[in-house]
Amino acid sequence: MRKHLLIGAATSGSGKTTFTVGLLGALAKRGTRVQPFKCGPDYIDPQFHAQAAGRASVNLDPWLASDTHLRQVYQKWGANADVAITEGVMGLFDGYDRWTGSSAHVACLLDIPVILLVNARSTAYSVAPLIYGFRHFQPRLRMAGVVFNQVGSESHFRHLSEACADAGARCFGYLPRMTGLEVPSRHLGLTLDQRFSREQWIERVAQVVESHIDLDALLEAGTINNKEEAIPAPPPPTGHLRIAVARDEAFNFTYPENIAQLERLGQVVYFSPLKDTALPEGSDLLYLPGGYPEFFLPTLAGNQSSREAIARFARQGGKVLAECGGMMYLCREIIDEGGTRYPMCGVLPLTASMEGMRLRLGYRQFQYQGETWKGHEFHYSKIVGDLPSATTLYDAQGRATETPLYRQGNVIAGYTHLYWGEQDLLKLWKS
């Protein structure tokens, strides 16, 4: 017997992250071992989850991974937890193809009861048909009940509770309309100041959840009795590589299952391009994940020893994978929003620019070295230069995109954040 819940909502902006983080924090304060998960490819909300729960948050994305892999990941990471809490993405039924790939898809695949979070700021009894529709639209979906957000008063909540009862759904409480519950900026990196700010916010939201949500009833609704499939023991490491992974305030967008796969290839050693002056000794493979290099340009530019060490590793034929912010770091320079130029590693004959920022995002897939690779693109910068793409990348609907994948020697770089949780990454370099 285990407890599982997925936090979904009718639309984006309903407060899923606020409620999820508050719930994680409240349960952790009780001494509950709570394992967080996040639907979709997002790197940022899981950082909030991890700080609230004290455990890494793991992505569940039906576009990036197979159904079998998702089941294995969910069981593996939740095996020694008392409760598994999954935050949904966008609206409950919003997927890359109708409801395929949505939070509801994940809930049905993994048999997770759903808590529907309803933003009630500008409505009252009219939530009844909305709740009724979400309860009955997909018969496979197990709807545990409802929590309201942005509730103005006890009188307002009474109307909402009546609507919930008439829609045949259970109500577990609400989050009041009050200042200070909004999620802090998601785009300030992992600096100590930001960690402290998040810690204060998590504590406040956890207190609100404790005061206004019936946690015992909520957890009881998430109790399901089903026999879990036996999880085979992980295979032993298959290699003896020494893998250098950048991890600091500027570079921190990594999927836990990607790192788990790297650990099968050998020893993972972390280093900081912001602070360290050299790569870990004896490195065979360098992974530069995405993050926020644009917020640390003076420091990155000033650490010439680190930039030269990475350039030397690449020139000598070392295998390098660089994603998004990591790719920007490999360029000759990065131009900030104001037009100031900062020298970077100079591995790629390209310039990354933050001028005229425009958001580019979406799922990406491509064929390379006889393998299908999938990932997600999300960035505001642009690349200036003539280095051709090594292959064509497509979106989730199979349409060609302008997103490049660069290959120069053993350096592979692009805007796409790849997911290789069930693949052998070394096949990227297969000759």
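These remarks concern the structure in this document. (Residues numbered from 1 in each chain as written. Predicted model: local features only at pLDDT ≥ 70, side-chain atom pairs only at ≥ 80, totals over all residues. Heavy atoms only, no water.)

So, about the packing of helix H3 (residues 67–78) against helix H9 (residues 256–265). Geometrically, a packed helix pair is captured by the angle between its two axes and the distance between the axes. The interhelical angle for the contact between H3 and H9, taken along N-to-C directions, is 90 degrees, at an axis separation of 12 Å. Classified by the angle between their axes, H3 and H9 sit roughly perpendicular to one another. On H9, the residues that touch His69, Val73, Lys76 and Trp77 of H3 are Pro256, Glu257 and Ala260. Of the residues contributing to the contact of H3 with H9, the split by class is 4 nonpolar, 1 polar and 2 charged. (Axes fitted to C-alpha atoms, helices over the stretch in contact; angles between N-to-C directions. Helix = DSSP H or I, 4+ residues; strand = E, 2+ residues; numbered from the N terminus. Parallel < 35°, antiparallel > 145°, perpendicular 65-115°, else oblique. Contact = heavy atoms within 4.5 Å. Nonpolar A, V, L, I, M, F, W, Y, C, P; charged D, E, K, R; others polar.)

We now examine helix H11 (residues 304–315). What sets the pattern is the α-helix's 3.6 residues per turn: residues three or four places apart point alike. Counted at 1.5 Å a residue, the expected span for H11 with its 12 residues is 16 Å, and the 16 Å between its end C-alpha atoms agrees. Within the span of H11, buried status applies to Ser306, Arg307, Ala309, Ile310, Ala311, Phe313 and Ala314. Looking one or two places after H11, you find Gly317, whose phi comes out positive at around 95 degrees. (Expected span 1.5 Å × (residues − 1). Buried < 20%, exposed > 50% of the residue type's maximum accessible area, 1.4 Å probe, protein only.)

So, about the packing of aromatic side chains. A complete count under the given rule lists 17 aromatic pairs for this structure. Pairing Tyr287 with Trp420 gives two aromatic rings, centres 5.2 Å apart and planes at 75 degrees, and the pair type is edge-to-face. A residue pair is termed long-range when its members are at least 10 positions apart, and Tyr287 in strand E12 (residues 285–288) and Trp420 in the segment after strand E23 (417–419) qualify at 133 residues. Looking at Tyr287, the relative accessible area reads 2%, which means it is buried. We classify Trp420 as buried; its relative accessible area is 1%. (Phe/Tyr/Trp six-rings, centres within 6.5 Å; stacked < 30°, edge-to-face > 60°.)

Before going further, it helps to spend a moment on the pattern of salt bridges. Throughout the structure, instances matching the rule amount to 13 salt bridges. Glu249 is paired through a salt bridge with Lys275; the nearest N and O atoms lie 3.6 Å apart. Separated by 26 residues along the polypeptide, Glu249 in the loop between strand E9 (241–246) and strand E10 (251–253) and Lys275 in the loop between strand E11 (266–271) and E12 bring together distant segments of the chain. Under the relative-accessibility criterion, Lys275 is labelled exposed at 58%. Between Arg341 and Glu333 there is a salt bridge, and its shortest N-O distance comes to 2.4 Å. Note on Arg341: relative accessible area 51%, which makes it exposed. According to the relative accessible area criterion, Glu333 is buried, its value standing at 18%. (Salt bridge = Lys/Arg side-chain N within 4 Å of Asp/Glu carboxyl O.)

Now for empty space enclosed by the protein. This model, assessed by the stated rule, comprises 1 cavity of 30 Å³ or more. Considering the residues around the largest cavity, the lining is formed by Leu321, Ala322, Leu405, Ile412, Ala413, Gly414, Thr416 and Leu418. Listed by contribution, the elements that provide at least two residues to the lining of the largest cavity are strand E14 (319–323) and strand E22 (411–414). Element by element, the count of residues in the lining of the largest cavity is highest for E22, at 3 residues. The class makeup of the residues in the lining of the largest cavity is 6 nonpolar, 2 polar and no charged. (1 Å grid on protein atoms, 1.4 Å probe; cavity = no way out; pocket = protein on both sides within 12 Å on 5 of 7 lines; lining within 4 Å. Points joined across faces, edges and corners; volume = space filled by probe spheres on them.)

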